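Chains, contacts and geometry: an overview
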Amino acid sequence: MGSKLLRLISSFSLLAAILIGWEIVAGTIYPKYNATSVNIFPPPSAVLGIFWDLLRSGELVTHTLASMARVAVGFGIATLIAVPLGLSMGAWPAWGEQMRVVIEVLRPIPPFAWIPFGLLWFGVGPEQTVFVIVISSIFPILMNTVAGVEQVEPVLKRSALSLGASKLRLFINVVLPRALPQIIVGLRIGLGFAWMVLVASELIGSTAGLGYLILDSRNLGLPSLAFMGMFVIGIIGYLLDAGMRWLERVLLPWNA
Amino acid sequence: MERIDLVGRVRPFLLLGFLIILWELFSRFVVPHYDPSGLSLPPPSAGIADAINLMKQGYLHQHVIASARRVYLGFALAAVIGIPIGILMGMFDLARRQLNPVVGILRPIPPVAWIPITLLWFGVTDKQQYFIIFIGTIFPLILHAVAGVRTVDPVLIRAARSLGADSGAMFRLLLTASLPMIFLGIRIALGLGWFIIVASEMVSASTGLGFLITEARTAMLTERMYVGMFAIGFIGYAQDRLLVWLERKIIPWK
Amino acid sequence: MTAKAALVVDNVTKEYEMARSGTRIAALEGLSFTVREGEFFVVLGPSGSGKTTLLNLIAGFELPTKGTLTVNGAPIEQPGWQRAVVFQEHGLFPWLTAAENIEFGLRMKKLPKGERRDLVSKYIEIVGLKGSEDKYPKELSGGMKQRIGIARALVVDSDIVIMDEPLGSLDAQTRTEMQDELLRILHKEKKKTVLFVTHSIEEALKLADSIVVMSERPGRVKELFRVDSPRPRDVLTDPRMIDLNVKLHALLYRSQTPKAS
Ligand SMILES: Nc1ncnc2c1ncn2[C@@H]1O[C@H](COP(=O)(O)OP(=O)(O)OP(=O)(O)O)[C@@H](O)[C@H]1O
Ligand SMILES: [Mg+2]
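Residues numbered from 1 in each chain as written. Chains lettered and ligands numbered in written order. Predicted model: local features only at pLDDT ≥ 70, side-chain atom pairs only at ≥ 80, totals over all residues. Heavy atoms only, no water.

Re helix 4 (residues 142-155) of chain C
- For helix 4 of chain C, with 14 residues, the first-to-last C-alpha span of 20 Å sits near the 20 Å given by 1.5 Å per residue.
- Buried within helix 4 of chain C are the following residues: C:G143, C:K145, C:Q146, C:R147, C:I148, C:G149, C:I150, C:A151, C:R152, C:A153, C:L154 and C:V155.
- In this structure, the buried residues of helix 4 of chain C make contact with helix 8 (154-162) of chain A together with strand 6 (83-86), helix 2 (98-108), helix 3 (113-126), strand 7 (160-164) and helix 5 (172-188) of chain C.
- C:D157 occupies a position one or two residues after helix 4 of chain C and carries a positive phi of about 60°. (Helix = DSSP H or I, 4+ residues; strand = E, 2+ residues; numbered from the N terminus. Expected span 1.5 Å × (residues − 1). Buried < 20%, exposed > 50% of the residue type's maximum accessible area, 1.4 Å probe, protein only. Contact = heavy atoms within 4.5 Å.)

Notes on the layout of surface pockets
- The space that makes up the second largest pocket amounts to roughly 1,600 Å³.
- For the second largest pocket, the lining is made up of 47 residues, of which A:V105, A:L106, A:I109, B:W23 and B:F230 are closest to its centre.
- Contributions of two or more residues to the lining of the second largest pocket are made by helix 4 (59-91), helix 5 (93-106), helix 6 (115-122) and helix 7 (126-150) of chain A together with helix 2 (14-34), helix 3 (44-57), helix 4 (59-91) and helix 11 (222-250) of chain B.
- Broken down by element, the residue count for the lining of the second largest pocket peaks at nine residues, all from helix 11 of chain B.
- Considering only residue class, the lining of the second largest pocket consists of 41 nonpolar, four polar and two charged. (1 Å grid on protein atoms, 1.4 Å probe; cavity = no way out; pocket = protein on both sides within 12 Å on 5 of 7 lines; lining within 4 Å. Points joined across faces, edges and corners; volume = space filled by probe spheres on them. Nonpolar A, V, L, I, M, F, W, Y, C, P; charged D, E, K, R; others polar.)

Examining the environment of A:T64
Residues and elements named next belong to chain A.
- Relative to the helices and strands, T64 is located in helix 4.
- Judged by relative accessible area, which is 15%, T64 ranks as buried.
- In this structure the C-alpha to C-alpha distance between T64 and I233, which are 169 residues apart in sequence, comes to 8.7 Å.

Considerations on the site of ligand 1
Residues and elements named next belong to chain C.
- Near ligand 1 you find 14 residues, and of these S47, G48, K51, T52 and T53 are the closest.
- The backbone of G48 places a nitrogen or oxygen atom 2.9 Å from an oxygen atom of ligand 1.
- In isolation ligand 1 has 630 Å² of accessible area, and contact with the protein removes 65% of it.
- Among the elements that line the shell around ligand 1, the one with the most residues is helix 1 (residues 51-59), at three residues.
- Its residues placed into classes, the shell around ligand 1 shows four nonpolar, seven polar and three charged. (Near = heavy atom within 4 Å. Polar contact = N/O pair within 3.5 Å; in protein donor to acceptor, adjacent residues only side chain to side chain. Areas by Shrake-Rupley, 256 points an atom, 1.4 Å probe, with all protein chains shown as cover.)

Notes on the pairing of strand 1 (residues 5-17) of chain C
All names here are of chain C.
- Note: strand 1 against strand 2 (residues 24-36), nine bridges, orientation antiparallel. In the sheet register, V8 faces strand 2, and the bridge partner there is T34.
- Hairpin connection of strand 1 to strand 2: six residues between the antiparallel strands, including G22 at a positive phi of 80°.
- In terms of strand pairing, strand 1 meets strand 4 (residues 66-71) through five bridges, oriented antiparallel. By the bridge assignment, L7 is partnered in strand 4 with V71. (Pairing = 2+ DSSP bridges.)

Thoughts on the interface of chain A and chain C
- Contact residues are listed per partner, giving 19 residues for chain A and 25 residues for chain C.
- Both sides together, the interface formed by chain A and chain C hides about 2,000 Å², and carbon and sulfur atoms give 68% of it.
- On the surface where chain A and chain C come into contact, there are one salt bridge.
- Between A:R158 and C:E62 there is a salt bridge, and its shortest N-O distance comes to 3.8 Å.
- When residues of the side of chain A that touches chain C are traced back to their parent elements, those giving at least two are helix 8 and helix 9 (167-204) of chain A.
- Examining the composition of the side of chain A that touches chain C, we find that seven residues originate from one element, helix 8 of chain A, more than from any other.
- Of the residues in the side of chain A that touches chain C, the class split is 11 nonpolar, five polar and three charged. (Buried area = accessible area lost by both parts, 1.4 Å probe. Salt bridge = Lys/Arg side-chain N within 4 Å of Asp/Glu carboxyl O.)

Some thoughts on the interface of chain A and chain B
- In this assembly, 49 residues from chain A lie in contact with 48 residues from chain B.
- Here chain A meets chain B over a buried area of about 4,500 Å², counting both sides, of which 80% is carbon and sulfur.
- When the buried surface of chain A facing chain B is broken down by residue, A:Q98, A:R218 and A:M230 rank first, second and third, together holding 13% of it.
- Across the salt bridge formed by A:R7 and B:D93, the nearest N and O atoms sit 3.8 Å from each other.
- Viewed at the interface, chain B and chain A are joined by 10 residue pairs in polar contact (both at pLDDT 80 or more).
- Contributing elements (two or more residues each) for the side of chain A that touches chain B: helix 1 (2-10), helix 2 (13-33), helix 5, helix 6, helix 9, helix 10 (210-220) and helix 11 (223-251) of chain A.
- By residue class, the composition of the side of chain A that touches chain B is 40 nonpolar, six polar and three charged.

Details of the nonpolar core
- Formed by 189 residues in total, the largest nonpolar core has its most connected members in A:F112, A:V174, C:F104, C:I211 and C:L248.
- Considering every element that reaches this core, the biggest residue donor is helix 9 of chain A, with 16 residues.
- The residues touching A:F112, leaving out its near neighbours within four places in the chain, are A:M196, A:V197, A:A200, B:V112, B:F195, B:I196, B:V198, B:A199 and B:M202.
- Membership of the second largest hydrophobic core comes to 27 residues, among which are C:L7, C:V9, C:V35 and C:L54. (Core = buried A, V, L, I, M, F, W, Y, C linked by side-chain atoms within 4.5 Å.)

Quick look at the domain arrangement of chain A
Residue and element names in this part refer to chain A.
- When its domains are assigned, chain A resolves into domain 1 (1-41) and domain 2 (43-255).
- Distance from the C-alpha centre of domain 1 to the C-alpha centre of domain 2: 34 Å.
- Residue-level contacts link nine residues of domain 1 with six residues of domain 2.
- Here domain 1 meets domain 2 over a buried area of about 630 Å², counting both sides, of which 74% is carbon and sulfur.
- If you sort the residues of domain 1 by the area they bury against domain 2, W22, E23 and V38 come out on top, with a joint share of 64%.
- Applying the counting rule to domain 1 against domain 2 returns zero salt bridges. (Domains from an automatic or database assignment.)

Below, the structure is given as structure tokens:
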């Protein structure tokens with residue numbers, strides 16, 4: 001038990017060394033030679049310092065909530081469109097075949113390329129961000145939902161039919177649960193996309209949110225703020241993904 | 001017989017064709033009622049005309065080349081550093097245990113979040129763009145290399161050992177066996193590279209397809225935004241097809 | 001034994017159109033036989049003789065090109081619980097527990113909850129899976145999965161239970177055990193009509209009241225045997241069984257030798 005803990009701690013030694021080295025070089029050595037200009041390599045202590053300041057002032061919470069709300073709305077809309085659409089494509093192959101061609105044309109377009117259209121149609125603000133999030137997270141959810149429906153084994157459908165299931169029951173009690181793991185994979189990827197695109201969208205056309213916050217660091221001449229924002233974005237992104245994984249385990253105990 | 005074949009070929013594109021025609025008609029006859037300039041949604045034909053125009057002038061390919069240079073140089077740098085790191089992490093426990101936390105902290109940060117700080121470091125330069133592509137593509141490269149080495153069938157390793165493979169031969173064996181995964185990492189990374197370059201060029205560049213799109217927006221040339229958008233989509237798609245083909249050539253045993 | 005007919009297959013032909021060439025091939029041709037109520041009817045035939053095709057027709061997954069299939073006088077038009085199926089690939093729903101899998105057909109029949117619970121626990125008991133009710137299929141062995149497949153088909157109380165090589169994917173020992181189990185389970189069910197498809201002559205000898213031997217493609221009835229020895233049967237020493245074994249071997253394998261040489 002003790003040696004296991006030791007092992008775990010020791011595996012962080014490289015990370016610790018990097019952080020300490022960075023603190024020493026950026027915090028004490030570098031400023032000696034660059035006393036006049038802004039320190040563009042802020043040491044970890046400065047990053048933590050500004051994190052604490054903004055946390056206390058409530059500014060960090062405000063921007064985080066703004067970002068989260070946009071992701072929630074955009075991702076929610078995308079889910080409401082993509083899951084039923086994907087199910088319908090899986091359920092009616094002729095329709096699925098037609099839609100697939102349309103999707104194949106749109107899918108290779110980078111999500112970020114929609115940002116200028118968001119700005120054109122909605123102007124600077126949350127609507128633009130929500131629009132871009134919807135567009136970019138729709139495709140992974142859609143593709144995985146279709147794949148989920150298509151992977152339902154014929155023997156499962158036949159089992160259900162020979163046990164007296166109607167067409168509707170077949171869909172609700174067999175196709176849906178069988179496709180669910182794949183749908184959740186799509187949701188996880190979609191949420192990852194949403195978070196990534198959110199940052200870009202706020203960076204380019206927004207006056208609030210974490211993306212705006214890190215861009216603002218440039219105008220404020222606060223490199224430590226940019227770093228701090230980056231890590232906060234990274235950590236939230238990580239937590240969102242972990243949350244989805246947790247949901248997957250709780251919702252699908254049979255699918256370990 | 002031939003006519004039947006023709007119907008079969010055209011059939012999958014019915015909805016796509018219908019939507020494009022609908023868009024064309026909508027832009028021509030409905031949009032002007034609400035937006036007399038028609039700038040908010042020009043018809044697809046305007047986009048095609050502009051694309052032909054831009055290609056004739058050589059303007060489009062100039063931006064394509066600028067973006068491609070950034071994507072491929074940034075990716076090359078990431079590959080040269082990331083793949084060996086991944087292989088190292090896959091082969092040696094110590095490397096994996098030490099590097100995992102470092103990778104774990106940096107990986108969840110979206111590549112575009114690096115833009116502000118790198119602008120401070122490098123200014124509006126190509127170096128900044130390379131860095132963004134580098135940081136955006138290195139993690140799939142590392143992680144797939146690790147997975148590639150780690151998922152080599154243990155039976156294969158034992159078989160090689162029992163056949164008397166020395167450490168050099170073992171190294172080559174591991175490398176060969178993990179090639180499909182490494183290649184998958186390359187495919188994903190290059191796809192991501194083309195995604196990220198758009199955002200990066202939108203924020204800070206004066207060339208490239210991302211710039212072309214933002215420039216078109218400020219110049220109120222919406223049809224040119226279509227061109228930039230579909231150009232990137234097309235390049236990304238073509239690149240992926242090429243990589244799939246290449247994979248079959250390089251790793252025929254997969 | 002009552003002579004009442006449960007399933008009548010009358011002059012059934014099933015043709016498939018080849019996707020590529022568009023030519024039609026017959027999987028079954030002019031097939032006729034009658035399954036009597038309460039009997040264990042075995043369909044024995046070489047690979048490709050159309051056993052699965054026949055089963056698909058009886059289950060109602062597909063319709064015949066020519067001829068008719070009737071259960072208790074009514075033509076078979078679509079799948080339903082009156083003809084429950086046990087599949088070789090078991091076909092259990094992976095997201096349902098053992099008990100919930102058995103319950104599935106009862107829910108489709110909209111039985112009230114209490115009744116469902118009683119029936120499920122009764123059949124869990126019958127197939128000997130007490131204690132494993134709440135396990136998911138992935139946590140069960142091949143033999144246990146097949147027991148659930150059998151319980152799931154029996155519990156809906158269908159007119160006829162169709163089994164397509166239900167023991168085909170089990171290892172030799174489990175297979176032998178399951179053959180005895182099947183007899184034991186069916187003995188508890190009063191006179192269940194079973195249509196059982198298999199490759200294995202030994203399995204047919206152990207289980208069948210009637211054995212129909214199918215020809216190679218296109219599948220036709222080559223010969224029909226009634227087996228009325230009491231069970232359990234000793235396939236290795238009972239002279240009648242040995243006699244039948246020889247006959248079945250000759251029908252199934254000797255006919256193929258000229259082709260092979
Ligand atoms: N859907 C189909 N389309 C075309 N041909 C088919 C189809 N289903 C079956 N066949 C053909 O019909 C013939 C009989 O097939 P079937 O699966 O019924 O045989 P089987 O007796 O069950 O064989 P096995 O013992 O290998 O399971 C085969 O030649 C097969 O190729
Ligand atoms: Mg078969």
